[in-house]
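Commentary on secondary and tertiary structure
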Amino acid sequence: MICIPFDSFGAPEYDGNVMDIFNSLSRKKEEFKPLFDEKINMFVCGPTVYDSSHIGHARTYVFFDVAVKFLRHAGYTVFYLQNVTDIDDKVIIRARELGQNPLFLSRHYAREYFQDMNELKISSVSKYAPATKYIPHIIVQIKRLVQKGYVYTISEDGLYFDIKKFSEYGKLSGRTAAEAEDAVSRIDDSIKKRNRGDFCVWKFEKPGEPSWASPWGIGRPGWHIEDTAISEHFFGPQYDIHGGGIDLKFPHHESEIAQQEAASGRKPFVKYWMHTGHLQVTGTKMSKSLKNFITIRDLLKKYSAESFRLLVLQNHYRSPLNFTNGSIRAAEEGIKRIAECIQRLRKITNHKSQIINKFRVPNSKYSNDLREKFCEAMNDDFDTPKVIAEIFRFITDTNKRIDAGELSKKDAREILVSLKRIDSVLGIIPIIKQKKIPEVIKKLSEERERCRKEKNWTNADAIRQEIEQKGYSVKDGPDGPLVQKK
Ligand code: AMP
């Protein structure tokens, strides 16, 4: 099943098209069929809140926001769950550097993160689950792993998962040892481990660290167990989609599979695994020491959320994304083009419906055509670059239709409705507040129109210059001049 051009009331229609998703587990595109019914359970790894969130986070979360919004438009009910890692080695180390309480620090950055997501128009998450609120659930899951013999104790260190006891360890990533792209900084090291890849599920207390009581002694959870305990609490032992950045495929996601399938004995833990490519800044990994680390806050001081979303969507989610000043500025220009076209459409006052025109696709079908192309591309593993290319082709064509005076008010309204529907998934159209044009500028524009009608081009040009000097621009169209603040 799937999607859908939207019908005229905004509800999804089903046209029998199939949706394909690239599944990292099978390493190929597969027809998407939810595990149980039309209700999809989806989990995406949330941030580790030890610092301000950066544009790499934003790339991953903007993409999943669009994916979830599209699934909902396709008629699915999606429960989108995201954990927040608010206790972890990284949090503790940073808090120590700053002389702060680790839990105060993580709470502060979690709050910042929610604000950042809001500013980026990310509104699809059903539930954010901070790990420290789920310690009892984590303990219950570890208990089951202990009872089944998957976990052993290293004294004065913690409880470790023995990867040799889970024969399928490596089935997601195709390996059992770390490589450069992995989140290697968080691999638990101990010379007493049975196997190099064993990971800690419960870390015994060290002075100054936040800790909780457990049957094995006071301590705190390991990183991987937070996610499976939280997802099991909300979804049970199996669910539909798990997402995250490519750096988390190994060892984080590999270890999640081992833990959950070992604890429940049910397979698959997750039916579809989705991974986003990494964002780099001018071709290099972001890092504070290289001074190319861009926080979401810094980005949004200079550029709009819509521009960043457009930049993300112009790149396929599985490919790396190279962020440069040039690429974000080009996206900003793209957003202006869309906004300008929308303003022109809003200005159309011609009431005649012109069904026959010189364009290949008649106006009556024209906006439906875009919606069909949108669905077709999104059904193909969320091919957003294709969607964006279609939108810009559509904008060019629409501008030509406006220039030729071929659009009636009704046509314009239909186009605007289509764009709005598509944008409820993409989030790239800015709220366009028509700034009030001062009386003096309006008068100048009317005077210029009079000169143009009298073919007094010299005066018309002089008035245009005067308008521009006062900070406004004039664009002529078949419906008269469009005056805007520059
Ligand atoms: P972290 O805060 O490092 O635990 O990361 C939270 C999420 O953001 C994970 O899904 C990461 O894979 C993703 N992420 C972190 N850095 C980047 C990046 N540079 N590009 C894309 N995704 C990233």
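The residue numbers shown here count from 1 along each chain, following its written sequence. Selection of residues for local features in this predicted model requires a pLDDT of at least 70, selection of side-chain atom pairs for listing and counting requires 80 or more, and totals for whole chains, interfaces and linings are taken over all residues. With hydrogens and water excluded, all non-hydrogen atoms of the structure serve as input to the side-chain values.

The secondary structure content of the protein chain amounts to 14 helices and 17 strands. With the C-alpha coordinates of the protein chain rotated into their principal frame, the extents come out at 95 × 55 × 35 Å. Going through the 486 residues of the protein chain one by one, you find that 55% of them count as buried. Between two residues, a contact is recorded if the distance between any of their heavy atoms is within 4.5 Å. For the protein chain, restricting intrachain contacts to residue pairs at least 6 apart in sequence, the fraction spanning at least 24 positions comes to 76%. Of the roughly 22400 Å² that the protein chain leaves accessible, carbon and sulfur atoms contribute 51%. Taking the 79 positively charged and 65 negatively charged side chains of the protein chain as two groups, their mean positions are separated by 3 Å. Labels follow the DSSP assignment, with helices taken as runs of H or I lasting at least four residues and strands as runs of E lasting at least two, numbered in each case from the N terminus. The cut-offs for exposure are 20% and 50% of the maximum accessible area for each residue type, with area from a 1.4 Å probe on protein chains only; residues under the lower value are buried, those over the upper are exposed, and the others partly exposed. Calculation of accessible area relied on Shrake-Rupley with a 1.4 Å probe; when residues are assessed, cover is drawn exclusively from the protein chains displayed. The charged-residue count follows a simple rule in which Lys and Arg add positive charge and Asp and Glu add negative charge, with His and chain termini not counted at all. Note that the charge is assigned to NZ on lysines, CZ on arginines, CG on aspartates and CD on glutamates.

Further remarks concern the sheet that holds strand β8 (residues 151-154). Pairing is antiparallel in the open sheet, where four strands are placed in the order β8-β9-β10-β11. Of all the strands in the sheet, just β8 and β11 (219-221) have a single pairing partner and so form its edges. Within the sheet, the average angular offset between the axes of one strand and its neighbour, ignoring direction, is 25°. Pairing geometry for strand β10 (residues 199-204) and β11, over three bridges, is antiparallel. By this definition, two strands are paired if DSSP reports at least two bridges between them. Angular values range over 0 to 180 degrees, each being the angle between N-to-C directions of two axes fitted as lines to C-alpha atoms, with helices fitted over their stretch in contact.

In terms of burial, strand β13 (residues 270-276) is largely enclosed, as six of its seven residues are buried. Examined bridge by bridge, strand β12 (residues 239-245) and β13 share six bridges and lie parallel to one another. In the strand pairing of β13, Gly 244 is matched with His 275. Handedness of a crossover is defined as follows: with both strands directed away from the viewer, a clockwise route from the first strand across the helix to the second makes it right-handed. Read as a crossover between parallel neighbours, the route from β12 over helix α6 (residues 249-264) to β13 is right-handed.

Here we have five strands laid out as an open sheet, ordered β7-β6-β5-β12-β13, and parallel in their pairing. A strand with exactly one partner marks an edge of an open sheet, and here the two such strands are β7 (127-130) and β13. In this sheet, adjacent strand axes meet at a mean angle of 20° when their direction is disregarded. One ladder, built from six bridges, connects strand β5 (residues 39-44) with strand β6 (residues 77-84); its direction is parallel. When the bridges of β6 are listed, Asn 41 appears paired with Phe 79.

Across the interface, helix α10 (residues 363-379) lies against helix α12 (residues 409-426) with an axial gap of 8 Å and an inter-helix angle of 15°. Relative to α12, the element α10 lies roughly parallel. In the crossing of α10 with α12, the sense of the turn from one axis to the other is right-handed. Where α10 approaches α12, its residues Asn 363, Ser 364, Tyr 366, Ser 367, Leu 370, Arg 371, Phe 374 and Met 378 are matched on the opposing element by Asp 411, Glu 414, Ile 415, Ser 418, Leu 419, Arg 421, Ile 422, Val 425 and Leu 426. When residues are sorted by character, Ala, Val, Leu, Ile, Met, Phe, Trp, Tyr, Cys and Pro go into the nonpolar class, Asp, Glu, Lys and Arg into the charged class, and all the rest, Gly among them, into the polar class. Its residues assigned to classes, the contact of α10 with α12 comprises nine nonpolar, four polar and four charged. Orientation labels follow simple angle bins: below 35 degrees gives roughly parallel, above 145 gives roughly antiparallel, 65 to 115 gives roughly perpendicular, and whatever is left gives oblique. Crossing handedness is defined as follows: a turn of the near helix away from the far one that is anticlockwise and smaller than a right angle gives a left-handed crossing, while the clockwise case is right-handed.

A helix's residues, less one, multiplied by 1.5 Å, set its expected span. Counted at 1.5 Å a residue, the expected span for helix α13 (residues 439-453) with its 15 residues is 21 Å, and the 21 Å between its end C-alpha atoms agrees. Those residues of α13 not exposed but buried are Ile 441, Leu 444, Ser 445, Arg 448, Glu 449 and Cys 451. An end-on view of α13 places all buried positions within 160° of arc, on one side of the element. Exposed and oriented more than 90 degrees from the buried face of α13 are Lys 443 and Lys 453. Contact partners of the buried residues in α13: α14 (457-469), β16 (472-477) and β17 (480-485). Directly after α13, the chain includes Lys 455, whose backbone phi takes a positive value near 60°. Throughout, the arc means the angular range of directions from the helix axis out to the C-beta atoms.

On to the environment of Cys 45. Inspection of the secondary structure assignment puts Cys 45 in the loop between β5 and α1 (55-73). For Cys 45, a relative accessible area of 5% puts it in the buried group. Not counting residues within four places of it along the chain, the set of residues in contact with Cys 45 comprises Tyr 61, Gln 82, Asn 83, Asp 227, His 242, Gly 243, Leu 248, His 252, His 253 and Glu 256.

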